[in-house]
Number of protein chains: 2
Amino acid sequence: MNVPATAETPVDIAGVLDAHAERIEALLDRLLPDGEGPERPLLEAMRYACLDGGKRLRPYLVTATAALFGVDGERAARAAAAVEMLHCYSLIHDDLPAMDDDELRRGRPTCHIAFDEATAILAGDALLTLAFEVLADPATHDDADVRIELVRGLSGTAGAHGMVAGQMIDLAVEHRAVDAATVERLQALKTGALIAFSAEAGAILGEAGPDAHEAVLAYGRDLGRSFQIVDDLLDEEGDEEAMGKAVGKDATAGKATLVGVLGRDGARARAEELAERAIASLDRFGAAAETLRDVARFVVTRRT
Amino acid sequence: MNVPATAETPVDIAGVLDAHAERIEALLDRLLPDGEGPERPLLEAMRYACLDGGKRLRPYLVTATAALFGVDGERAARAAAAVEMLHCYSLIHDDLPAMDDDELRRGRPTCHIAFDEATAILAGDALLTLAFEVLADPATHDDADVRIELVRGLSGTAGAHGMVAGQMIDLAVEHRAVDAATVERLQALKTGALIAFSAEAGAILGEAGPDAHEAVLAYGRDLGRSFQIVDDLLDEEGDEEAMGKAVGKDATAGKATLVGVLGRDGARARAEELAERAIASLDRFGAAAETLRDVARFVVTRRT
């Protein structure tokens, strides 16, 4: 492996992510609706699914790439929170009985188990909608052109040519023999697209020139693909308690993964190759992009 | 009833709606994704749920109010199509087994019956997302400020303070004694908000001044509430074949309706009062708003 996991990786990238996650958590808490009345279970379910969870990798990518372009951190954090809301909606719906039928997520019962199926579907719908509402708010950026580019980017990423298509394909090819190209397309849509957009959002917020924009987008694309392969490896090798979700489930469910197609060693080599390419995409930014490189190194060496 | 249903109502308002529906149909057909590959059932389900259906009242309101402000019809039609996509998503999700568990819609099997539950959930998600993508596209309006106002308006209308909250309340108060105020709030959120936004969208597209904006919004709000009451009356009194969906279902399902709270006569009087007030909101526009007045008259006299 040519991605130096010990020499150049600061020991505290996990700490950097944790500190960032705390800030995003506080912002999500402020942005998520709260209130009384008969709709209260909906608001509780949205908060349940969105708060106290995860590494917050996607919002970190938004704020870290935005910082490359000198964007105000508070504003970037709003776009980052919108991306995380979109991510949480996709998890709620993917976990539903009609989809992947998962009962455990981030170490806790999934949303439809903690509430009920109707409330979970609605909480997902409302989080998806809120993501666009947050992006469209003038507090996210003064310039309407920037905000509308974020809405265009996120809607393209999330919809029938992006994440939703990825989930549809994921269900459609269960228990079927698939080739590596199909798995890579599925994962590029289902997981890769939002990770790529997270990096791109920083360039949109920072009104980056086309070359710099393309560079962070290329970084995000390769990072997203690498991330998903490692996710699949951890599903095979990982520790259920540390992961906070059921492991070994992909094989049982007949899920199409690159581990299944390329084997563990092949899949790990592919993840490392993609992470290296992601790192190389950032050459033009010099030392300013070091934490983004660290993230790529973290993604392929993480144990959860 | 002071809403003149025969004297001033042109006999062909239904014809006007039909002709408009054909144009929206053609545009939806162009805007909805199509393609091959393993995601094809998703694309088919989106088209199934969005095409060949309904009176297209909401998109008609968008284009008719936009015309009041001199907006180009082609562009208004794109915003109108986005509103209809949002509406169709809400129907798909409301019909799901975990929600209202409906098997018939617009005279055909509901989306989860024609496809399956997972595909229906995803088709709804993708239509909701596509609505924002269409609004954000420069083809909808040259000015990013106008497009972002449309996104803000639609997301506020659709989310946890709007339609999704309405559906949550609808489920929460089933089989419970509720007062008229609760039913009116529920319906204002679940159905009224999108009808109100449909009228408002024309004002946003036309960059109307605050008074004119408020006037069409007030029209839309009252029209939306009137529409829902008539819907509930038709559910009690209507003809299943003409309606294209099961009737008498609200009472069986213990749904909260104003018919239940006020009785049929009280509910009809309330619907007519709201339609009259909607019509009065349009006074400032004179003859130019006559088709919008006709729509209000149509809404309270319709049989399907």
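Residues numbered from 1 in each chain as written. Chains lettered and ligands numbered in written order. Predicted model: local features only at pLDDT ≥ 70, side-chain atom pairs only at ≥ 80, totals over all residues.

**Focus on the relation of the copies chain B and chain A**
Each of the two copies of the chain can be brought onto the other by a rotation about an axis and a shift along it. Of the two same-sequence chains, chain B is brought onto chain A (RMSD 0.0 Å, axial shift 0.0 Å) by a rotation of 180°. Such a combination of turn and shift is consistent with a two-fold rotation axis. A shared binding surface is used by both copies, with 100% of the interface residues of chain B retained as interface residues in chain A. (Least-squares fit on C-alpha atoms with pLDDT ≥ 70 in both. Contact = placed C-beta atoms within 7 Å.)

**Some remarks on helix 8 (residues 163–172) of chain B**
Summarising burial for helix 8 of chain B: nine of the 10 residues are buried, a large majority. Those residues of helix 8 of chain B not exposed but buried are M163, V164, A165, G166, Q167, M168, I169, D170 and L171 of chain B. Packing partners of the buried residues in helix 8 of chain B comprise helix 2 (40–50) and helix 6 (117–136) of chain A together with helix 4 (73–95), helix 7 (144–158) and helix 9 (180–205) of chain B. (Buried ≥ 20, exposed ≤ 12 C-beta atoms within 10 Å, placed from the backbone. Helix = DSSP H or I, 4+ residues; strand = E, 2+ residues; numbered from the N terminus.)

**Concerning the packing of helix 6 of chain A against helix 8 of chain B**
Their axes nearest at 10 Å, the elements helix 6 of chain A and helix 8 of chain B cross at an angle of 165°. When the interaxial angle is binned, helix 6 of chain A and helix 8 of chain B end up roughly antiparallel. Considering only the axes of helix 6 of chain A and helix 8 of chain B, their crossing is left-handed. Contact residues: A118, L122, D125, A126 and T129 of chain A in helix 6 of chain A; V164, Q167, M168 and L171 of chain B in helix 8 of chain B. (Axes fitted to C-alpha atoms, helices over the stretch in contact; angles between N-to-C directions. Parallel < 35°, antiparallel > 145°, perpendicular 65-115°, else oblique. Left-handed = near helix turned anticlockwise from the far one by under 90°.)

**What about helix 14 (residues 290–301) of chain B?**
All names here are of chain B. When the terminal C-alpha atoms of helix 14 are compared, their 17 Å separation across 12 residues agrees well with the 16 Å that a helix rising 1.5 Å per residue should span. Here helix 14 lies mainly inside the structure; nine of its 12 residues are buried. Turning to helix 14, its buried residues number three or more, namely L292, R293, D294, V295, A296, R297, F298, V299 and V300. For helix 14, the elements touching its buried residues are helix 1 (13–31), helix 3 (57–68), helix 10 (210–237) and helix 13 (258–280). (Expected span 1.5 Å × (residues − 1).)

**Some words on the packing of helix 4 (residues 73–95) of chain A against helix 9 (residues 180–205) of chain A**
Residues and elements named next belong to chain A. In the contact formed by helix 4 and helix 9, the axes pass within 11 Å of each other and the chain directions differ by 160°. Judged by the angle between their axes, helix 4 and helix 9 are roughly antiparallel. You can see that helix 4 and helix 9 cross each other, and the crossing is right-handed. Residue-level inspection shows R75, A76, A79, V83, L86 and H87 of helix 4 in contact with helix 9, the latter providing L194, S198, A201, G202 and L205. Its residues placed into classes, the contact of helix 4 with helix 9 shows seven nonpolar, three polar and one charged. (Nonpolar A, V, L, I, M, F, W, Y, C, P; charged D, E, K, R; others polar.)

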